[in-house]
Amino acid sequence: GENVEQHPSTLSVQEGDSAVIKCTYSDSASNYFPWYKQELGKGPQLIIDIRSNVGEKKDQRIAVTLNKTAKHFSLHITETQPEDSAVYFCAATVGNQFYFGTGTSLTVIP
Amino acid sequence: DVKVTQSSRYLVKRTGEKVFLECVQDMDHENMFWYRQDPGLGLRLIYFSYDVKMKEKGDIPEGYSVSREKKERFSLILESASTNQTSMYLCASSLASPYEQYFGPGTRLTVT
């Protein structure tokens, strides 16, 4: 099956700085790549997604890039704020199944 | 807004007990999923269902079964709970694949 690796596992940034989280996947059939944010005590919530026919997508302070040739995709958060502190998960999708990365705990220091 | 609800936020059960975790979604979604979440391992798929009475094994189905008698409800069953099933269990639903999965708040199960 698909194997998704996510780095780093923890990330601390100063408020206002940028944060980058990277994921790689193994199955070239993967065609949908969502990013989820999980706050303490809550279920994961989609923050942005990208499909395999697109190289980049942006939504306000959040952007995702996809390199299909290298099989990696990244989440970029600019102008970080304390409320961005959470655990972030990437995923790659093959058919019905989502394969999740192991998560990145982001801390934004005020 | 899509709402996915899970029957319990916290559950404590004894080894050997039969455990039912219930999940209900209110958006007429076709697909429903059960994951377990453990530190350092991310979310791992236990079972999913793409239609009533249909089910497919995920990556870690051993020790679990599921039931989907109605479109909006998907149940996870631990036939004989064991301590290594202590975990956070997350239910999700999606309209189709591959599209956004909406997650419930999770059930933290402790088996003693």
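One structure accompanies this document, and this report is about it. (Residues numbered from 1 in each chain as written. Chains lettered and ligands numbered in written order. Predicted model: local features only at pLDDT ≥ 70, side-chain atom pairs only at ≥ 80, totals over all residues. Heavy atoms only, no water.)

Notes on the pairing of strand S9 (residues 86-94) of chain A
Residues and elements named next belong to chain A.
In step 1: The buried fraction of S9 amounts to seven of the nine residues, a majority that puts the element mostly inside the structure.
In step 2: Judged from the five bridges that link them, strand S4 (residues 32-38) and S9 form a sheet pairing that is antiparallel. Bridging from a neighbouring strand, Trp 35 pairs with Cys 90 of S9.
In step 3: Pairing between S9 and strand S10 (residues 97-100): four bridges, direction antiparallel. Following the sheet pairing, Val 94 is matched in S10 by Gln 97.
In step 4: Between the end of S9 and the start of S10, which pair antiparallel, lie two residues, with Gly 95 showing a positive phi angle near 60 degrees. (Buried < 20%, exposed > 50% of the residue type's maximum accessible area, 1.4 Å probe, protein only. Helix = DSSP H or I, 4+ residues; strand = E, 2+ residues; numbered from the N terminus. Pairing = 2+ DSSP bridges.)

Some remarks on the state of the cysteines
Residue and element names in this part refer to chain B.
In step 1: Tallied over the full model, the rule gives two disulfides over all chains.
In step 2: One disulfide in the model links Cys 23 with Cys 91; its S-S distance is 1.9 Å. Since a negative S-S torsion denotes a left-handed disulfide, the Cys 23-Cys 91 link at about -75 degrees is left-handed. Here the residue Cys 23 occupies a position in strand S3 (residues 19-25), and Cys 91 occupies one in strand S9 (residues 87-94), the gap between them amounting to 68 residues. (Disulfide = S-S within 2.5 Å.)

Concerning the interface of chain B and chain A
In step 1: The interface is formed by 24 residues belonging to chain B together with 20 residues belonging to chain A.
In step 2: Inspection of the region where chain B meets chain A yields zero salt bridges.
In step 3: Applying the counting rule to chain B against chain A returns four residue pairs in polar contact (both at pLDDT 80 or more).
In step 4: Every element with two or more residues in the side of chain B that touches chain A is listed here: strand S4 (31-38) and strand S5 (42-49) of chain B.
In step 5: Considering only residue class, the side of chain B that touches chain A consists of twelve nonpolar, eight polar and four charged. (Contact = heavy atoms within 4.5 Å. Salt bridge = Lys/Arg side-chain N within 4 Å of Asp/Glu carboxyl O. Polar contact = N/O pair within 3.5 Å; in protein donor to acceptor, adjacent residues only side chain to side chain. Nonpolar A, V, L, I, M, F, W, Y, C, P; charged D, E, K, R; others polar.)

Describing the packing of aromatic side chains
For any pair of aromatic rings, the description rests on two quantities: the centre-to-centre distance and the angle between the ring planes.
In step 1: One pass over the structure, following the stated rule, counts 14 aromatic pairs over all chains.
In step 2: An angle of 90 degrees between the planes, with centres 5.4 Å apart, marks the rings of Phe 100 of chain A and Tyr 35 of chain B as edge-to-face. Of the two residues, Phe 100 of chain A is situated in strand S10 and Tyr 35 of chain B in strand S4; the pairing between them involves two chains. The same class applies to Phe 100 of chain A and to Tyr 35 of chain B, which are both buried.
In step 3: Feature note: the residues Tyr 32, Tyr 36, Phe 98 and Phe 100 of chain A together with Phe 33, Tyr 35, Phe 48 and Phe 103 of chain B constitute an aromatic cluster, connected by ring pairs. (Phe/Tyr/Trp six-rings, centres within 6.5 Å; stacked < 30°, edge-to-face > 60°.)

A few points about the sheet that holds strand S1 (residues 4-6) of chain B
Residues and elements named next belong to chain B.
In step 1: Pairing in this open sheet of four strands is antiparallel, and the strands run S1-S3-S8-S7 from one edge to the other. The sheet is open, and its two borders are formed by S1 and strand S7 (64-70), each paired with just one other strand. Taken over all neighbouring pairs, the strand axes of this sheet differ in orientation by 20 degrees on average, direction set aside.
In step 2: By the bridge criterion, six bridges tie S3 to strand S8 (residues 73-78) in an arrangement that is antiparallel. Bridge pairing links Val 19 to Leu 78 in S8. (Axes fitted to C-alpha atoms, helices over the stretch in contact; angles between N-to-C directions.)

Notes on the layout of surface pockets
In step 1: Size it by volume and the largest pocket reaches roughly 560 Å³.
In step 2: Lining of the largest pocket is provided by 25 residues; of these, Gln 38, Val 87 and Phe 89 of chain A together with Gln 37 and Arg 108 of chain B occupy positions nearest its centre.
In step 3: Listing elements by their share of the lining of the largest pocket, those giving two or more residues are S9 and strand S11 (104-109) of chain A together with S4 of chain B.
In step 4: Here the element with the most residues in the lining of the largest pocket is S9 of chain A; it accounts for three residues.
In step 5: Its residues assigned to classes, the lining of the largest pocket comprises seven nonpolar, 13 polar and five charged. (1 Å grid on protein atoms, 1.4 Å probe; cavity = no way out; pocket = protein on both sides within 12 Å on 5 of 7 lines; lining within 4 Å. Points joined across faces, edges and corners; volume = space filled by probe spheres on them.)

Quick word on the nonpolar core
In step 1: In terms of nonpolar packing, the biggest core is built from 24 residues, with Trp 35, Phe 73, Leu 75 and Leu 106 of chain A touching the most fellow members.
In step 2: For this core, the secondary-structure elements that each account for two or more residues are strand S2 (10-14), strand S3 (19-24), S4, strand S5 (45-51), strand S7 (62-67), strand S8 (72-77), S9 and S11 of chain A.
In step 3: Among the elements that take part in this core, S9 of chain A stands out by supplying four residues, more than any other.
In step 4: Apart from residues lying up to four places away in sequence, Leu 75 of chain A is in contact with Ala 19, Val 20, Ile 21, Trp 35, Ile 47, Ile 48, Ile 62, Ala 63 and Tyr 88 of chain A.
In step 5: Core analysis: the second largest hydrophobic core is formed by 20 residues, Leu 21, Met 32, Tyr 64 and Phe 74 of chain B among them. (Core = buried A, V, L, I, M, F, W, Y, C linked by side-chain atoms within 4.5 Å.)

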